[in-house]
Amino acid sequence: MLQGKKIVLGVTGGIAVYKAVDLVSRLRKQGAEVRVVMTEHAQEFVTPLTFKEISGNQVAVSMWTSNQEFNVEHISLANWADAFVVAPATANILAKMACGLADDLLSTTLLAAQAPIIVCPAMNTGMYENAITQENIAKLMQHGVTVMPPAVGHLACGTTGAGRLPEPEEIVHFINGFFAQCTGDMRGLRVLVTAAGTREPIDPVRFVGNRSSGKMGYAVAQQAAERGAEVLLVTGPSALPIPANVKAIKVETTKEMLDACLEAFGSMDVVIKAAAVADYRPRDVADQKIKKKTDDALTVVMDKNPDILKELGSRKEKQILVGFAAETQNLLANAKEKIIKKNLDMIVANDVTAAGAGFNTDTNIVKFLYPDGKLRSLEQMPKTEVANLLLDAVMEMRQQKM
């Protein structure tokens, strides 16, 4: 998304300025051209020379220094940019922007900017949570400024809370997602993705589950977001970080996943159910840990869980509904049965016993199967590539239905 994009980065005087240097490097590596505007206070932390060497362009620092490249510098920069990013954005610059003040080069350029503006607040937790700062942020958002929420963690002042500048990699993901919302082929679409396995409790410390890591579902959610979709990820327990620009609902049990899916289903355009849910749950869940007894056997009576995919299929109207079939035998026969029984538009079938496929791997080997019997077999490839090919197939189906 960033290839060829022109980005003006405004850098203000916060301790997190050092992250902005890495941010410029990462933006350039993704193909963006970056020009930096620094405030006077930002120069107390990092010199303009550092940003000049990393960006490959002269750094703009003052209204009163001439730059032969630009005629009227703040106007030229404002017109040149495809996007204007302020990182770190201190409470001071947010207040200036909210009030329309223009008393230095950065605030003047921001006021003249025609391109979309993204701000990344970074400050002490008390300053961030102060009602005036929150009012300023809300006002900026009302005027179309995009705000990336700060991270929560240990701050340079020694406190812990909201106010950390997100890591440069996360900011790049956010900017990618922003451009995707404007230009991606899935922009405007609402996509529901389920991922990972569910857990059914036996007692407070034990559960019935499966080996799913969530990697396939998370890859689908990430790629859909990067292509501009508004993505809701309903996920069982997973060690994976939530992808950038993806809203997530975390659940434990199959029933919890069903409830979350049913609540969102009516407003969705596409539903991709990649989760490996528990098909059965213990009938009786102990309130206390079950202690080991003298006899060798423990009997747990299991009841059948609701079939989420079948339930969604019975309610399907305009949605594209895609399921997954993780099998250990009779792959195609089982997948064909599922696609009809559950009223699916497509099913992604894979043999989880095959090398390079299945749970906890970064690659997969899958087959796309359609209700009319059409079959497409993919070679082993990274799950991110499988995800993109799956989304290509979804977009083709949407075109055919229009």
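Keep in mind that this is a model prediction, so the values were computed, not measured.

**Q** Hey, could you run me through the packing of aromatic side chains in this one?
**A** To describe a pair of aromatic rings, one takes the distance between the centres and the angle between the planes. Counted under the stated rule, the structure contains one aromatic pair. Geometrically, the ring pair formed by Phe178 and Phe179 is edge-to-face, given 5.9 Å between the ring centres and 75° between the ring planes. The class for Phe178 is buried, based on a relative accessible area of 14%. Look at Phe179 and you get buried, because its relative accessible area is 4%. Here the basic side chain of Arg35 rests over the ring of Trp80, its NZ or CZ set 5.0 Å away from the ring centre.

**Q** What should I look at first to understand the sheet that holds strand β17 (residues 346-351) in this one?
**A** The strands that make up a sheet are held in pairs by hydrogen bonds between backbone atoms, and each pair lies either parallel or antiparallel. Overall, mixed pairing links the eight strands, which are arranged β12-β11-β8-β13-β16-β17-β19-β20 in an open sheet. Both edges of this open sheet fall to β12 (246-250) and β20 (375-377), since each of them pairs with a single strand only. For this sheet the average axis-to-axis angle between neighbouring strands, irrespective of direction, equals 15°. Bridge count between β17 and strand β19 (residues 367-369): three bridges; the pairing is antiparallel. Counted as the bridge partner of Ala349 is Lys367 from β19. This element, helix α9 (residues 215-226), spans β8 (190-195), β11 (230-235), β12, β13 (270-273) and β16 (320-327) of the sheet and lies at about 165° to β11. Where helix α11 (residues 308-315) meets the sheet, its contacts fall on β13 and β16, and the angle it forms with β16 comes to roughly 160°.

**Q** Please clarify how helix α13 (residues 383-401) should be interpreted in this entry.
**A** Every α-helical turn comprises 3.6 residues, leaving residues that sit three or four positions apart pointing alike. In a regular helix each residue adds 1.5 Å, so 19 residues correspond to 27 Å; α13 covers 27 Å between its end C-alpha atoms and thus fits that length. The complete set of buried residues in α13 reads Lys383, Val386, Ala387, Leu390, Leu391, Ala393, Val394, Met395 and Met397.

**Q** Sorry, what's going on with the nonpolar core here?
**A** Looking at soluble globular proteins, one finds that nonpolar side chains tend to be buried together. By size, the foremost hydrophobic cluster in this structure holds 37 residues, and its most contacted members are Val231, Ile272, Val322, Met346, Phe368 and Leu390. Only β8, α9, β11, β13, β16, β17 and α13 provide two or more residues apiece to this core. Ranked by the residues each element gives to this core, the list is headed by α13, at eight residues. Dropping the residues within four chain positions of it, Val231 is found in contact with Val191, Val193, Ala221, Ala224, Ala225, Val246 and Lys247. With 33 residues, the next largest nonpolar core counts Leu9, Ala42, Phe51 and Val172 among its residues.

**Q** Hey, could you run me through the sheet that holds strand β4 (residues 117-121) in this one?
**A** Judged by pairing direction, the sheet is parallel, and its five strands sit side by side in the order β2-β1-β3-β4-β5 without closing on themselves. Either end of the sheet is taken by a strand with one partner, and the two such strands are β2 (33-38) and β5 (146-147). Sheet topology places strand β1 (residues 6-11) next to β2; six bridges connect them, and they run parallel. By the bridge assignment for β2, Val11 is matched with Met38. Where helix α2 (residues 48-55) meets the sheet, it contacts β1 and β2, and its direction lies at approximately 170° from that of β2. Sheet strands touched by helix α5 (residues 105-112): β1, β2, β3 (83-89) and β4. Its angle to β3, the strand with the most contacts, is close to 140°.

**Q** Whenever I open this one, the pairing of β11 confuses me. Can you help?
**A** Remark: a regular strand shows side chains that alternate across the two faces of the sheet. Buried residues dominate β11, accounting for five of its six residues. Here five bridges tie β11 to β12, and the two strands are oriented parallel to one another. Across the sheet, residue Leu232 finds its bridge partner in β12, namely Lys247.

**Q** Just to check I follow, could you spell out unusual backbone geometry for this structure?
**A** Negative phi values dominate among residues other than glycine, just as trans dominates among peptide bonds. Cis peptide bonds are those with omega within 30 degrees of zero, and the linkage from Ala87 to Pro88 qualifies with -5°. In this structure, Pro88 sits in strand β3. Although it is not a glycine, Asn330 adopts a positive phi angle of roughly 50°. Mapped onto the elements of the fold, Asn330 is located in the loop between β16 and α12 (331-341).

Cut-off values and rules
- Residues numbered from 1 in each chain as written.
- Predicted model: local features only at pLDDT ≥ 70, side-chain atom pairs only at ≥ 80, totals over all residues.
- Heavy atoms only, no water.
- Phe/Tyr/Trp six-rings, centres within 6.5 Å; stacked < 30°, edge-to-face > 60°.
- Buried < 20%, exposed > 50% of the residue type's maximum accessible area, 1.4 Å probe, protein only.
- Lys NZ or Arg CZ within 6 Å of the ring centre and 35° of its normal.
- Pairing = 2+ DSSP bridges.
- Helix = DSSP H or I, 4+ residues; strand = E, 2+ residues; numbered from the N terminus.
- Axes fitted to C-alpha atoms, helices over the stretch in contact; angles between N-to-C directions.
- Contact = heavy atoms within 4.5 Å.
- Expected span 1.5 Å × (residues − 1).
- Core = buried A, V, L, I, M, F, W, Y, C linked by side-chain atoms within 4.5 Å.

Nothing here speaks to function; it is all geometry.
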